[in-house]
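The residues making up each chain are set out below.
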Amino acid sequence: FQIHMNPSQSTLTLEGDDIDRVDKAMQHISYLNSRQFPTPGIRRLKITSVVKCFNEEACVSIPSVEGYVMVLQPEEPKISLSGINHFARSASEFESSEGVSLFPELRIISTITREVEPEGDRDEDPTVQESLVSEEIMHNLDTCEVTVLGEELNQEQESLEIDMTRLQQKGIEMSSSNLGMVITGVDTMASYEEVLHLIHYRNWHTVSLFDRKFKLVCSELNGRYVSNEFKVEVNVIHTANPVEHANHIAAQPQFVHPVHHTFVDLSGHSLANPHPFSVVPSTATVVIVVCVSFLVFMIILGVFRIRAAHQRTMRDQDTGKENEMDWDDSALTITVNPME
């Protein structure tokens with residue numbers, strides 16, 4: 001008994017001299033589709049039989065038999081992208097050589113929904129319906145595309161970058177343009193997560209930049225299954241120049257004249273003042289000094305007024321006593337008797 005199969009495994013040939021053995025072997029032939037999500041449809045097949053007699057010539061004619069195998073619609077996966085979709089970074093990070101990571105905590109998961117029959121005999125209770133159960137599965141992706149939302153990338157001041165060395169180690173390819181970046185290659189979802197974590201956005205002229213928006217979409221089987229649109233918005237934090245900020249503070253109190261000191265180090269070189277704010281009092285300090293001075297002035301003025309009032313009272317009392325000691329002779333009359 002012999003079994004032959006062509007290289008493409010599309011034709012199977014059985015040879016034997018025992019009809020019963022050939023018949024049993026035919027019953028064990030099966031159709032196998034190793035794809036995780038096979039394409040639904042009809043798979044046609046044809047059985048041709050030849051009977052040879054003792055002289056090695058066909059002596060019995062057997063008609064061919066045609067049939068087919070029906071592949072049903074598989075349970076479609078739902079690819080979900082999630083992570084941080086809105087964050088802010090300083091302008092210096094955008095202008096650095098590494099740039100800003102667009103998908104630092106990206107997660108890619110895929111789930112399918114299955115119909116599960118309830119336990120027990122359904123014939124006993126016809127009102128019982130099948131329940132839906134969602135479970136996570138692992139499979140491969142073949143494309144992830146990062147698209148710029150809004151204005152296209154200006155190659156003179158911004159770009160999307162990725163570590164090509166690590167990309168080539170995984171056997172994944174990348175192409176980029178003013179519209180964004182496309183990553184292609186059949187690999188696991190975990191590998192695509194690692195690759196997407198490597199994408200950085202750089203902008204070395206952030207003076208007029210306040211925000212940038214991007215969109216990420218991943219797919220499988222040449223776009224047969226597509227994920228959700230994961231949108232990311234990054235904001236630029238602009239900080240004031242420390243030197244200009246210090247000059248602005250020093251210029252506010254016009255009545256304060258800063259004194260410039262020069263420090264000399266041990267080597268004899270003249271150094272700038274290491275504490276520029278030490279010679280320029282702040283607005284709060286000036287206000288406190290003025291308030292304390294005014295309070296002291298009011299206390300001294302009150303003391304002087306109290307002393308002056310006290311002295312005036314003592315002077316009035318002395319004047320009253322002198323008036324009481326004066327002799328009042330306005331009504332005094334002396335009569336002299338000449339006979340005595």
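Below is a short write-up of the structure. (Residues numbered from 1 in each chain as written. Predicted model: local features only at pLDDT ≥ 70, side-chain atom pairs only at ≥ 80, totals over all residues. Heavy atoms only, no water.)

Details of the sheet that holds strand 7 (residues 78–82)
- The strand order 7-10-11 describes an open sheet built from 3 strands, whose pairing is antiparallel. Because the sheet does not close on itself, it has two edges, and the strands there are strand 7 and strand 11 (131–137). For this sheet the average axis-to-axis angle between neighbouring strands, irrespective of direction, equals 30°. (Pairing = 2+ DSSP bridges. Helix = DSSP H or I, 4+ residues; strand = E, 2+ residues; numbered from the N terminus. Axes fitted to C-alpha atoms, helices over the stretch in contact; angles between N-to-C directions.)

Focus: the pairing of strand 17 (residues 211–220)
- The element strand 17 is extensively covered by neighbouring structure, given that 7 of its 10 residues are classed as buried.
- Note: strand 12 (residues 140–149) against strand 17, 7 bridges, orientation antiparallel. Bridging from a neighbouring strand, Leu-149 pairs with Lys-213 of strand 17.
- Sheet topology places strand 17 next to strand 19 (residues 230–237); 6 bridges connect them, and they run antiparallel. By the bridge assignment, Asp-211 is partnered in strand 19 with Asn-235.
- Inspection of the sheet shows strand 17 paired to strand 18 (residues 225–226) by 2 bridges, in the antiparallel sense. Residue pairing for strand 18: Ser-219 is matched across the bridge by Val-226.
- Linking two consecutive strands that pair antiparallel, namely strand 17 and strand 18, is a turn of 4 residues; a positive phi of about 55° is found at Leu-221 within it. (Buried < 20%, exposed > 50% of the residue type's maximum accessible area, 1.4 Å probe, protein only.)

Description of the state of the cysteines
- Using the criterion set out here, one finds 1 disulfide in the structure.
- Cys-144 shares a disulfide with Cys-218; S-S distance 2.0 Å. A torsion of 110° about the S-S bond marks the disulfide between Cys-144 and Cys-218 as right-handed. Here Cys-144, found in strand 12, pairs with Cys-218, found in strand 17; they are 74 residues apart in sequence, far enough to count as distant. Each member of the pair, Cys-144 as well as Cys-218, is classed as buried. (Disulfide = S-S within 2.5 Å.)

Brief notes about unusual backbone geometry
- Here Gln-9, not a glycine, exhibits a phi torsion of approximately 55°, which is positive.
- If you trace the backbone, Gln-9 turns up in the loop between strand 1 (2–5) and strand 2 (12–15).
- Not every positive phi belongs to a glycine, and Leu-221 is a case in point at roughly 55°.
- Following the sequence through the fold, Leu-221 ends up in the loop between strand 17 and strand 18.
- With a relative accessible area of 28%, Leu-221 lands in the partly exposed category.

Brief notes about the packing of aromatic side chains
- Summed over the entire model, instances satisfying the criterion amount to 4 aromatic pairs.
- Here Phe-94 and Tyr-201 contribute two aromatic rings whose centre-to-centre distance is 6.0 Å and whose plane-to-plane angle is 75°, an arrangement assigned as edge-to-face. In this pair, Phe-94 sits in helix 2 (residues 91–95) while Tyr-201 sits in strand 16 (residues 200–203), placing the two residues 107 residues apart along the sequence. Across the pair, exposure class does not vary: Phe-94 and Tyr-201 are buried alike.
- Taken together, Phe-94, Tyr-201 and Phe-214 form an aromatic cluster joined through their ring pairs. (Phe/Tyr/Trp six-rings, centres within 6.5 Å; stacked < 30°, edge-to-face > 60°.)

Observations regarding the sheet that holds strand 13 (residues 158–161)
- With respect to topology, 3 strands assemble into an open sheet ordered 9-16-13, the strand pairing being antiparallel. Only two strands of the sheet have a single neighbouring strand rather than two, namely strand 9 (100–101) and strand 13.

Focus on the nonpolar core
- Judged by nonpolar contacts, the single largest core of 40 residues is most densely connected at Phe-103, Ile-108, Leu-160, Ile-183, Leu-196, Ile-199 and Leu-216.
- Within the residue set of this core, elements represented by two or more residues are strand 7, helix 2, strand 10 (107–116), strand 12, strand 15 (180–188), helix 4 (189–197), strand 17 and strand 19.
- Those residues in contact with Leu-216, other than ones at most four positions away along the chain, are Leu-81, Phe-103, Leu-106, Cys-144, Glu-145, Val-146, Leu-196, Asn-228, Glu-229 and Phe-230. (Core = buried A, V, L, I, M, F, W, Y, C linked by side-chain atoms within 4.5 Å. Contact = heavy atoms within 4.5 Å.)

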